[in-house]
Amino acid sequence: LYSSAASDVYKRQPPDRDHGPRMGMTRFQKLATAALVSVLVLMFVGAIVRVTGAGMGCPDWPTCWGCLIPPTSVEQVDFSKLPIEKFQRKAERMGRDPATITEESLRREFNPRHVWTEFINRLTSLPVGFFSLATFIAGFWQRQKRPWVFWMAFASLITVLVNAWMGARVVYSG
């Protein structure tokens, strides 16, 4: 079906031949891509937190049930370190009797799956902050020749900071 002249053309061109100059990603593009990927991963983990109902799996911040590394069983929780009064005030604001919030009720509510799901969500948010800050710093050096890159990196960093502040407010509110 094919002439030998046509098959000779294919034989002369090596299959891995480069068809022009190839440019890799710049450092800024790599940082921005890493920030994007970290946000996508955080969105996925956040969806798991939402679906499982683990949003308050860690009732305090920056610790989780009073520990830097979350407990895996209720026996590991030192309830004397927890701000039970804060939880009682929150219950009252939500229309619950604050007297129902006791050490015993908190023991019953402890769920290690929720604790670790929420803790992993917190850990997943760290790269988002680091990559957003790094992207902003890299964008800062481009502000003269590409000001829109700087302002978009700045807007991204502000968005991440506002989101972190809102998340902290939710936890602080009890």
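Parameters and conventions
- Residues numbered from 1 in each chain as written.
- Predicted model: local features only at pLDDT ≥ 70, side-chain atom pairs only at ≥ 80, totals over all residues.
- Heavy atoms only, no water.
- Patch = residues over 30% accessible without salt bridge, like charges linked within 9 Å, V, L, I, M, F, W, Y side chains within 5 Å.
- Areas by Shrake-Rupley, 256 points an atom, 1.4 Å probe, with all protein chains shown as cover.
- Salt bridge = Lys/Arg side-chain N within 4 Å of Asp/Glu carboxyl O.
- Helix = DSSP H or I, 4+ residues; strand = E, 2+ residues; numbered from the N terminus.
- Buried < 20%, exposed > 50% of the residue type's maximum accessible area, 1.4 Å probe, protein only.
- Phe/Tyr/Trp six-rings, centres within 6.5 Å; stacked < 30°, edge-to-face > 60°.
- Disulfide = S-S within 2.5 Å.
- Core = buried A, V, L, I, M, F, W, Y, C linked by side-chain atoms within 4.5 Å.
- Contact = heavy atoms within 4.5 Å.

### Notes on a nonpolar patch on the surface
No. 1: Residues W148, W151, M152, F154, I158, L161, V162, W165 and M166 make up a contiguous nonpolar surface patch of roughly 990 Å² in combined accessible area.
No. 2: Inspection of the secondary structure assignment puts I158 in helix α6 (residues 147-172).
No. 3: Using a relative accessible area of 36% as the deciding quantity, one classes I158 as partly exposed.

### Looking at the packing of aromatic side chains
No. 1: Evaluated as defined, the whole model comprises ten aromatic pairs.
No. 2: Aromatic pair W65 and F79: ring centres 6.2 Å apart, planes at 75°, arrangement edge-to-face. Residue W65 is found in the loop between α2 (27-52) and α3 (84-93), and its partner F79 is found in the loop between α2 and α3; the two are separated by 14 residues along the sequence.
No. 3: We classify W65 as buried; its relative accessible area is 5%.
No. 4: Taken together, a centroid distance of 5.6 Å and an interplanar angle of 40° make the contact between F136 and F150 tilted. Here F136, found in helix α5 (residues 112-140), pairs with F150, found in helix α6; they are 14 residues apart in sequence, far enough to count as distant.
No. 5: Exposure remark for F136: the relative accessible area of 18% places this residue in the buried category.

### Points about the environment of Q76
No. 1: Here Q76 lies in the loop between α2 and α3.
No. 2: The exposure class of Q76 is partly exposed, given its relative accessible area of 46%.
No. 3: Separated by ten residues in sequence, Q76 and G66 have C-alpha atoms that sit 9.9 Å apart.

### Thoughts on the state of the cysteines
No. 1: Going through the model one piece at a time under the given rule, you end up with one disulfide.
No. 2: Here C58 is linked by a disulfide to C64, with a sulfur-sulfur distance of 2.0 Å. Looking along the S-S bond of the C58-C64 disulfide, the torsion reads about -80°, which is the left-handed sense.
No. 3: The exposure class of C58 is buried, given its relative accessible area of 0%.
No. 4: Among the residues examined, C64 registers a relative accessible area of 0% and is labelled buried.
No. 5: Of all cysteine sulfurs, the one in C64 lies closest to C67, which takes part in no disulfide; the gap is 7.7 Å.
No. 6: Using a relative accessible area of 21% as the deciding quantity, one classes C67 as partly exposed.

### Re the nonpolar core
No. 1: The biggest cluster of nonpolar side chains holds 15 residues, and the ones touching the most others in it are W65, V77, F79, L82, L106, F110 and V115.
No. 2: Discounting residues that sit within four places of it in the chain, F79 has contacts with W65, V74, I84, E103, L106 and R107.

### Quick notes on the pattern of salt bridges
No. 1: Within the structure shown, the criterion is met by three salt bridges.
No. 2: Among the ionic pairs, R107 bridges to E104, the shortest N-O distance being 3.8 Å. Pair noted here: R107 and E104 are both in helix α4 (residues 103-109), with a separation of three residues, about one helical turn.
No. 3: Residue R107 is classed as partly exposed on the basis of its relative accessible area, which comes to 31%.
No. 4: Here E118 ties to R122 by a salt bridge, and the two come within 3.7 Å at their closest N and O atoms. With E118 and R122 both in helix α5, this residue pair falls four residues apart, about one helical turn. No difference in accessibility class separates E118 from R122, as the two residues are buried.
No. 5: If you follow the salt bridges from partner to partner, you end up with E103, E104 and R107 in one network.

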